[in-house]
Every structure is written in structure tokens, then in C-alpha cells.
Amino acid sequence: MEKRGKRQSRIRLTIQVLAAALFNGYAAGFAEGRIFTGNSKAVCVPVLNCYSCPGALGACPIGSLQAVLGGRRHDFSFYVIGLIMLFGLVLGRVICGFLCPFGLVQDLLHRIPAPRLRVPKKADRALRWLKYAVLALFVVLLPVFLTNKYGIGAPYFCKYICPAGILEGALPLLAKNESLRAGLGALFNWKLGILIAVLVLSVLIHRPFCKYLCPLGALYGLFNRFSLYRMSVDGDKCVGCGKCARVCPMDVDVTKNPNSAECIRCGRCRAECPTGAVRSGFGK
Amino acid sequence: MSGRKLRAAQAALLAAAIAFIALGVARGEHLEVLQKAAAVCLECIGLG
């Protein structure tokens, strides 16, 4: 079982690294401190990936959603919502578990040997709703309704919350652009503080951003119960040992709710199951 | 959710997603996305 678990973990890590490299493959951007401006940036990648990352070859779906909602031309983004629906319907939160670069960063940080912080169940349950509030308020309502004198709404989630923008976008660009460094101020300090807090918490808690703050994870979670990629538990094979629930990084009991909105489909429960009762895949 | 209901929901969501994407492209929303994504987002990197 341990062997299977380690093998599954290696495969997942490989996919995560390859995905991060694929979504951020514009190496010249990192070398020269500039972003990619090609036409592929009209297409949203399925993950939270700042389009101001020098390597980014596609657009961030959450950033794009705010850009269209906050723009003057449209109050609803059929294109971005359609893409998010398509990604969510096909994969659900397996995108979080296998493809998201910021998820990978949190996973790697959690490997650092450190005491683990147990969030009390009541607090954890309440905090899981926070990402839906972030989605509703910062991604949708504020860009639509809180506009400047030109009728344009800022991308409030990107501006005030998103730590991926600092890690993937700001730090590499600032390292190479003195003119950008001249503009640093309170907003950068605030966002850097959020990034540092998330990174530190990632050592102590598994995937705190995914659990409590990520609006894209909140959206994809809604599709888990409908997605073509699914989890299932064979009731005849399950012996109720509880190993799957104990090993879950998102504190989901797959035997109670196989397609929970909180499940990132990392597959650890399947690897740990002694009887092969837990299954995942397309058409399961 | 029963198998039939699930398949019906999947089919409806898939149809809606494809229709949304097509409508969005027809409205030029992908060009708005490109315009935003092809410029450095100062808000995203903490400068805006």
C-alpha cells in the first residue's frame, strides 16, 4: 500500500510539474522580464495562473472573468464562464489536484517537516464558505458595481487578494524591471503579506488557499457532483477502515461523499484503500 | 443522483458550456481577454 501510495504521489507530482511548465512555458519572459503577448492569451488555462507571470502562455480564468465583468462592453462573460463550465464539467477539481501550479507550491511546502496545525472542525466548516464569499464579492459583484468614473471596475480579487499574482507575476517581473520596482507601495506590501501568510500556513495546514480562499476551486467544486471524471466507492469492497478519510489532505471522507465539492481528486484515498474500494476516473 | 439524471445534467451543462463559449466568441469577449492578458496587469502584481 505504501509502495502504491508513493508511486501515485510521484506520478501526481510529475503531472503537476509538467502542467506548471506547460502553462508557464514562455522561458524568454523569465529571462528578459517581460510577458508573452501572443494570441494564445485569448484562451483561458484551466488553473489559477496569473497572466502577468512572465512565462504564462494563456489567460487566468478568474482574472479574465473580472476583466470582462469590469469592462464597459459586457456585464456577463459567456466566453469565460463557458470555458470554466467546460473545464469543471470534464474534470471537476482534479484540476486543483493535478494541474494547478499554486496547488503544487502548497503541496511542496507541506512536505517540510513541521508541526501540523489542526483547525477546529467548527472553524474549518465555516471557513470553507469563505471562498464562495470571495468569489461572489471580489470576483463578481465588485468588478460589476464598483466602477471608476469611466465605468470600469477593477479586478478586485487580483488586486487585493490573489497571492499567485505576487508569486508568479510580481516577483519575477520586479526582479528584472527597475521601473516596476519604483512603483512599489502599500498595495504590494499588503499582497506580499497575504502571500507570505499563505506560504507559511501551507507548511502547517495542507492547501489552506484551496480550502478557504480560492474562487476558482469554489467554482470547480460545484461541478464535482456532475463532472465526467468522478470518484466512487464500491460498498461491497469497503470495510470501513477509515484510512481514506485519515489520509485526505482536504479532510473529506470519500465513503460518505465521493464527489464532495471539497475533494481535489488527488487520489491519495484510492492509493491508501486496502481493498480497492475507492475508484476514480471517467465514467466511474 | 441517479445515472439517468446525472447523464442528463452532464449533457445539459456540456451543451450550455459550448453555447456560452460560441456566444462569447461571437461577441468578441475573447479579444477582451486577450487585450487584458497581453498587458502587464498592474493590479495583479500589486502596483495598481
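All figures in this text were calculated on a predicted structure; none of them were measured in a lab.

Let us now look at the overall build of chain A. Helix and strand counts for chain A stand at 16 helices and two strands. The C-alpha radius of gyration computed for chain A amounts to 19 Å, which stays within 12% of the reference 19 Å derived for 284 residues, consistent with globular compactness. In terms of overall dimensions, chain A has C-alpha extents of about 60 × 40 × 40 Å along its principal axes. In chain A, buried positions account for 55% of the 284 residues.

Attention now goes to the overall build of chain B. Secondary structure assignment for chain B yields two helices and zero strands. Per-residue burial for chain B yields a buried fraction of 38% across its 48 residues. Surface exposure of chain B reaches about 2500 Å², of which carbon and sulfur atoms provide 67%.

What follows concerns the environment of Leu 180 of chain A. By the element assignment, Leu 180 of chain A lies in helix 11 (residues 178-181). The class for Leu 180 of chain A is buried, based on a relative accessible area of 15%. On a C-alpha basis, the gap between Leu 180 of chain A and Gly 276 of chain A in space is 53 Å, while along the polypeptide they are 96 residues apart. Excluding its chain neighbours within four sequence positions, the residues that come into contact with Leu 180 of chain A are Leu 173 and Leu 174 of chain A together with Leu 42, Ile 45 and Leu 47 of chain B.

This part covers the confidence of the model for chain B. Of all residues in chain B, 100% attain a pLDDT of 70 or more, and the chain-wide mean is 94. Taken over the whole predicted complex, pTM reads 0.95, whereas the ipTM for its chain interfaces reads 0.96.

Here the focus is the packing of aromatic side chains. Tallied over the entire structure, the rule returns eight aromatic pairs over all chains. Geometrically, the ring pair formed by Phe 102 of chain A and Phe 209 of chain A is edge-to-face, given 5.2 Å between the ring centres and 80 degrees between the ring planes. Taken together, the residues span a long stretch of sequence, with Phe 102 of chain A in helix 6 (residues 101-110) and Phe 209 of chain A in helix 13 (residues 208-212) at a distance of 107 residues. Among the residues examined, Phe 102 of chain A registers a relative accessible area of 1% and is labelled buried. What makes Phe 209 of chain A buried here is its relative accessible area of 2%. Three or more aromatic residues joined by ring pairs make a cluster, and in this case those are Phe 76 and Phe 78 of chain A together with Phe 20 of chain B.

Leu 48, Tyr 51, Ile 62 and Phe 157 of chain A are the most contacted members of the largest nonpolar core, which has 58 residues in total. Formed by 15 residues, the second largest nonpolar core is a distinct cluster that contains Cys 210, Met 250, Cys 263 and Cys 269 of chain A.

Okay, the packing of helix 6 of chain A against helix 10 (residues 163-176) of chain A next. Residue and element names in this part refer to chain A. Two elements in contact, helix 6 and helix 10, have axes separated by 11 Å at closest approach and are oriented at 95 degrees. The angle between helix 6 and helix 10 falls in the class roughly perpendicular. Here Pro 101, Phe 102 and Val 105 of helix 6 come into contact with helix 10, specifically with Pro 163, Ala 164, Leu 167 and Glu 168. Considering only residue class, the contact of helix 6 with helix 10 consists of six nonpolar, no polar and one charged.

Next up on the list: helix 3 (residues 61-70) of chain A. Among the 10 residues that make up helix 3 of chain A, 10 are buried, leaving the element largely enclosed by the rest of the structure. Inspection of helix 3 of chain A places Pro 61, Ile 62, Gly 63, Ser 64, Leu 65, Gln 66, Ala 67, Val 68, Leu 69 and Gly 70 of chain A among the buried residues, and these make up the whole buried set. Check the buried side of helix 3 of chain A and you find it contacts helix 4 (78-91), helix 8 (130-145), helix 9 (156-160) and helix 14 (215-223) of chain A together with helix 2 (29-37) of chain B.

What follows concerns the environment of Ala 154 of chain A. Residue and element names in this part refer to chain A. Within the secondary structure, Ala 154 is located in the loop between helix 8 and helix 9. Sequence-wise, Ala 154 and Thr 37 are 117 residues apart; in three dimensions their C-alpha atoms are separated by 21 Å. Filtering out sequence-adjacent residues up to four positions away, Ala 154 remains in contact with Pro 143, Leu 146 and Lys 159.

The next point concerns the interface of chain A and chain B. Each side of the interface is counted separately: chain A has 48 residues, and chain B has 33 residues. Note on chain A versus chain B: buried area summed over both sides is about 3400 Å², and carbon and sulfur give 75% of it. Connecting chain A to chain B are zero salt bridges. The interface formed by chain A and chain B includes 14 residue pairs in polar contact (both at pLDDT 80 or more). Taken together, the elements giving at least two residues each to the side of chain A that touches chain B come down to helix 3, helix 4, helix 9, helix 10 and helix 12 (186-204) of chain A. In terms of residue count, the dominant contributor to the side of chain A that touches chain B is helix 4 of chain A (nine residues). Among the residues forming the side of chain A that touches chain B, the class breakdown is 29 nonpolar, 13 polar and six charged.

Conventions we followed
Numbering of residues starts from 1 in each chain and follows the order in which that chain's sequence is written. Chains and ligands are labelled by the order in which they are written, letters from A for the one and numbers from 1 for the other. For a predicted model such as this one, the threshold for reporting local features is a pLDDT of at least 70, and the threshold for listing and counting side-chain atom pairs is 80 or more; totals across whole chains, interfaces and linings nevertheless cover every residue. Note that the side-chain values use all heavy atoms of the structure and ignore hydrogens as well as water. Note on conventions: DSSP H or I runs of at least 4 residues are helices, E runs of at least 2 residues are strands, and numbering of each starts at the N terminus. Within these notes, the globule rule equals 2.2 Å times the number of residues to the 0.38 power, and the radius of gyration is based on C-alpha atoms. The cut-offs for exposure are 20% and 50% of the maximum accessible area for each residue type, with area from a 1.4 Å probe on protein chains only; residues under the lower value are buried, those over the upper are exposed, and the others partly exposed. Residue burial considers only the protein chains on display, and all accessible areas are found by Shrake-Rupley using a 1.4 Å probe. Two residues form a contact once any of their heavy atoms are found within 4.5 Å. Each residue carries a pLDDT score, the predictor's own confidence in it, on a scale running from 0 to 100. Pairing of aromatic side chains here covers Phe, Tyr and the six-membered ring of Trp, requires ring centres within 6.5 Å, and sorts the geometry by plane angle: under 30 degrees stacked, over 60 edge-to-face, intermediate tilted. Among the buried residues, those of types Ala, Val, Leu, Ile, Met, Phe, Trp, Tyr and Cys that are joined through side-chain atoms within 4.5 Å form a nonpolar core. Simply put, an axis is a line fit to the C-alpha atoms, just over the touching stretch for a helix, and the angle between two N-to-C directions goes from 0 to 180 degrees. The scheme is simple: roughly parallel for angles under 35 degrees, roughly antiparallel for over 145, roughly perpendicular for 65 to 115, oblique for anything else. Here the nonpolar group is Ala, Val, Leu, Ile, Met, Phe, Trp, Tyr, Cys and Pro; Asp, Glu, Lys and Arg are the charged ones; every other residue, Gly included, is treated as polar. Buried area: the accessible surface (1.4 Å probe) lost by two parts on joining, summed over both. By convention in these notes, a salt bridge is any Lys or Arg side-chain nitrogen within 4 Å of a carboxyl oxygen on Asp or Glu. Polar contacts, as used here, are pairs of N or O atoms within 3.5 Å; protein pairs need one atom able to donate a hydrogen and one able to accept it. Residues neighboring in sequence count only if both atoms are side-chain atoms.

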